[in-house]
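Listed below, chain by chain, are the residues.
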Amino acid sequence: MNEITVVDARMGRGKSSAAIRYMNRHKSTKRFLYITPYLNEVSRICDSCDFDQPDSDYMSKSADLKLRLRMGRNVAATHSLFCLMDKEAVQLIQQKGYSLIIDESIQVVERLNVTQKDFELIVTQLAEVDDNGMVHWKDPEYDGRFSDYKDMANTGSLLQRDSALLNILNPDLLRAFDEVFMLTYLFDGQYQKAYLEFFGFTYKVVGVKHDSNGFYFSDEPDDPPPLDYTKLISIVDDQKMNAVGNGAYALSKSWYEKRGYGSKDIQALRNNLRQFFRRIPGGNNESRLWTCFKGDVNKLVDSRTGRFRNNFLQSSARATNEYRGCTDIAYMVNRFADPNITKFFASKDVSIDAQAYALSEMLQWIWRSAIRDDKPINLYIPSKRMRELLIDWINKTNKGGQSLA
C-alpha cells in the first residue's frame, strides 16, 4: 500500500462530505470499505454512494461482511465490525484491491481489564504467547467466558506486555488495503499516530477545501477560517467550584483511586456537580450529562438517592449520538495516556504528546453533546489543566489557520 492519508480537520469542516465526493468519483474504478462509529452514518453513506451494509438474519454480520467483500461490493460498516475482521477478511481485501476510509478516530489500542488470576489462566493454559508477545489461542472450539479474548487472538490483536493484556488493531489489516484515509481531528495527540509510527506506516496529513461542487480532500494541512466557540461554550468560572481541581494531577485516574466516597475532595466534587446542574435555569434530566472514570461513578453519585447516575457517560465514549440534546455537561476528569500503552509504544521510541492527547480525548467527549449540532452548552471542568487546555484551544480556533487545524 501507499502512504496513509490522514485528513486532520476540526469538527464540521466537511470531512465526511469530502469522502462521499471522493468515493462517488472513483467507485467505478476502485472498491471501498467505509467505516464509521454510527449506524445512522452507515445508512447515510449507503444512501449517498449506493453502498452495501452488512445486515443479515441468517448469518453473523462478520460473515455477511466477508460475503460482500468476496463479491467485490462497496461496503459501509461500523468500527466495531471492522475490528472483528479475521485473516480470511484480510485476504479478501488484498485480493479484491480495496480502499479504506475510517471516519473518526478508531480504537487502535486498549488495555484490557483482567484480573491477575485470569491473566495467568489465559497466558499459561488457554493460550500461547510467542516471542513478540502475540497471544495465540490453543483450542479453536473454545466457547467459555474468555471467548472475547479468543476472538481477539484469532484476529491477531491480543498482545501481552508484562502483566497486562493489550488489544491492538492487527497492522496487517491496514496493510491489506490499496489506500487508507483516516478522517480525524488533533491527530498529533492520538494513539492512532503512535500506532502508525510504531508499526512503520508512512503517512501524510492533509485537510479539506471547498469549491462550487462541495468539499474535497486537499493536498496540504488544513487551513480553517476563524471560528468563535466562546458564543457556544459557557465554561464555569467559579473559583470555589474549581478549587478542587487546581493540582496538576487533580482528578486524574490515580487521584480518584486514592480517594474514597467520604474524602473531602470527593465530597466537594459531588456537591459541585449537584450545584452545577441545579443552578442552570430550565435544566432537567434530558439536558444533563457528566463523566468521570468508569470505576469511580459511585463516588460522585449520592449513595442515598442515586441522583444523576443516569446522566453519566463514560469519558472514553465514542460510538454514540444519543446525547446530542444535552446542553449542561460536566467533564470531571484529568486525562493522561494509559502508562501501559505509553510503555508499549516507548519500546520503539514512539512517544505520545500528553497535552495533545488530553485535549483530543476531551473534545471527543464534549462533542457527544448538543454542540455537535452547533447549539450552545454550559460546561463545568473542575480540572485546571483540562480547563486551560480547552480555553487555549478556543482562543487558537478563534484565530483560524494551521496552529490548531
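See the structure above.
Scoring rules and cut-offs
Residues numbered from 1 in each chain as written. Predicted model: local features only at pLDDT ≥ 70, side-chain atom pairs only at ≥ 80, totals over all residues. Heavy atoms only, no water. Helix = DSSP H or I, 4+ residues; strand = E, 2+ residues; numbered from the N terminus. Rg over C-alpha atoms; globule rule 2.2 N^0.38 Å. Contact = heavy atoms within 4.5 Å. Lys, Arg positive; Asp, Glu negative; His and termini not counted. Charge placed at Lys NZ, Arg CZ, Asp CG, Glu CD. Expected span 1.5 Å × (residues − 1). Buried < 20%, exposed > 50% of the residue type's maximum accessible area, 1.4 Å probe, protein only. Arc of directions from axis to C-beta. Salt bridge = Lys/Arg side-chain N within 4 Å of Asp/Glu carboxyl O. Axes fitted to C-alpha atoms, helices over the stretch in contact; angles between N-to-C directions. Left-handed = near helix turned anticlockwise from the far one by under 90°. Nonpolar A, V, L, I, M, F, W, Y, C, P; charged D, E, K, R; others polar. Pairing = 2+ DSSP bridges. Polar contact = N/O pair within 3.5 Å; in protein donor to acceptor, adjacent residues only side chain to side chain.

**Digging into the overall build of the protein**
For the protein, the count of helices and strands is 16 helices and 17 strands. Taking 405 residues into account, the globule formula puts the C-alpha radius of gyration at 22 Å, and the protein, at 22 Å, falls close to it. Of the contacts formed within the protein by residues at least 6 apart in sequence, a portion of 72% connects residues at least 24 apart. Side chains of the protein give 55 positive and 53 negative charges; the mean places of these two sets differ by 6 Å.

**Details of helix 12 (residues 264–278)**
For an α-helix, the turn length of 3.6 residues means that residues three or four places apart are oriented alike. Here helix 12 contains 15 residues, and its C-alpha end-to-end distance of 21 Å stays within 8% of the 21 Å for a straight helix at 1.5 Å per residue. Every buried residue belonging to helix 12 is among Ile266, Leu269, Arg270, Asn272, Leu273, Phe276 and Phe277, and all of these are buried. In a view along the axis of helix 12, the buried residues occupy a sector of 165°, so they form one face of it. In helix 12, the exposed positions angled more than 90 degrees off the buried face are occupied by Lys264 and Arg278. At its buried positions, helix 12 is contacted by helix 10 (239–242), helix 11 (253–257), strand 15 (288–291), helix 13 (297–300), strand 16 (328–331) and strand 17 (377–380).

**Details of helix 7 (residues 147–154)**
If you check which residues of helix 7 are buried, you get Ser147, Tyr149, Lys150, Met152 and Ala153. Structurally, helix 7 contributes buried residues whose contacts are with helix 6 (116–126), strand 7 (135–137), strand 8 (158–161) and strand 9 (164–168). Glycine 156 lies just past helix 7 and shows a positive phi near 75°.

**As for the pairing of strand 10 (residues 179–184)**
Counting buried residues along strand 10, 6 of its 6 residues qualify, which places the element largely inside the surrounding structure. The side-chain alternation of strand 10 yields two buried faces, one formed by Glu179, Phe181 and Leu183 and the other by Val180, Met182 and Thr184.

**Points about the pattern of salt bridges**
For the structure on display, the rule yields 24 salt bridges. Its salt-bridge partner being arginine 21, residue aspartate 211 comes within 2.9 Å of it at the nearest N-O pair. Taken together, the positions of aspartate 211 in strand 12 (residues 208–211) and arginine 21 in helix 1 (residues 15–26) put the pair 190 residues apart, joining distant regions of the chain. Look at arginine 21 and you get partly exposed, because its relative accessible area is 26%. Salt bridges sharing common partners tie together Asp52, Asp64, Arg68 and Arg73.

**A short note on unusual backbone geometry**
Unusually for a residue other than glycine, leucine 186 sits at a positive phi of about 60°. Even without being glycine, phenylalanine 308 reaches a positive phi, approximately 75°. By secondary structure assignment, the location of phenylalanine 308 is in the loop between helix 13 and strand 16.

**Section: the packing of helix 1 against helix 2 (residues 39–49)**
Between helix 1 and helix 2, whose axes approach to 10 Å, the crossing angle comes to 40°. When you trace helix 1 past helix 2, the crossing you get is right-handed. The residues of helix 2 that touch helix 1, namely those facing Ser16, Ile20, Met23 and Asn24, are Glu41, Arg44, Ile45, Ser48 and Cys49. The residue inventory of the contact of helix 1 with helix 2, partitioned by class, reads 4 nonpolar, 3 polar and 2 charged.

**Concerning the sheet that holds strand 3 (residues 75–78)**
In spatial order, the strands read 3-2-4-10-1-11; together these 6 strands make up an open sheet with parallel pairing. Bordering the open sheet on either side are strand 3 and strand 11 (203–206), each of which pairs with just one other strand. The mean angle between the axes of side-by-side strands here comes to 20°, regardless of whether they run parallel or antiparallel. Strands strand 2 (31–36), strand 3 and strand 4 (98–103) of the sheet are contacted by helix 2, whose axis makes an angle of about 175° with strand 3.

**Details of the pairing of strand 12**
As judged from the 4 bridges shared by strand 12 and strand 13 (residues 214–217), these two strands associate in the antiparallel manner. Note that in strand 13 the partner of aspartate 211 across the bridge is glycine 214. Between the end of strand 12 and the start of strand 13, which pair antiparallel, lie 2 residues.

**Quick notes on the sheet that holds strand 17**
Spatially, 4 strands are ordered 14-17-16-15 in an open sheet, and the strand pairing comes out parallel. Edge positions in the open sheet fall to strand 14 (233–235) and strand 15, since each of these has one partner strand only. Put simply, the sheet's adjacent strands are angled 20° from each other on average, direction ignored. Relative to strand 17, strand 14 is paired through 3 bridges, and the arrangement is parallel. Looking at the pairing, isoleucine 235 lines up with leucine 379 of strand 17. The sheet contacts of helix 15 (residues 354–366) involve strand 15, strand 16 and strand 17, and relative to strand 16 the element is tilted by about 155°.

**A few points about the side chain of serine 218**
Along the polypeptide, serine 218 turns up in the loop between strand 13 and strand 14. A distance of 2.8 Å separates a polar side-chain atom of serine 218 from the backbone oxygen of glutamate 220.

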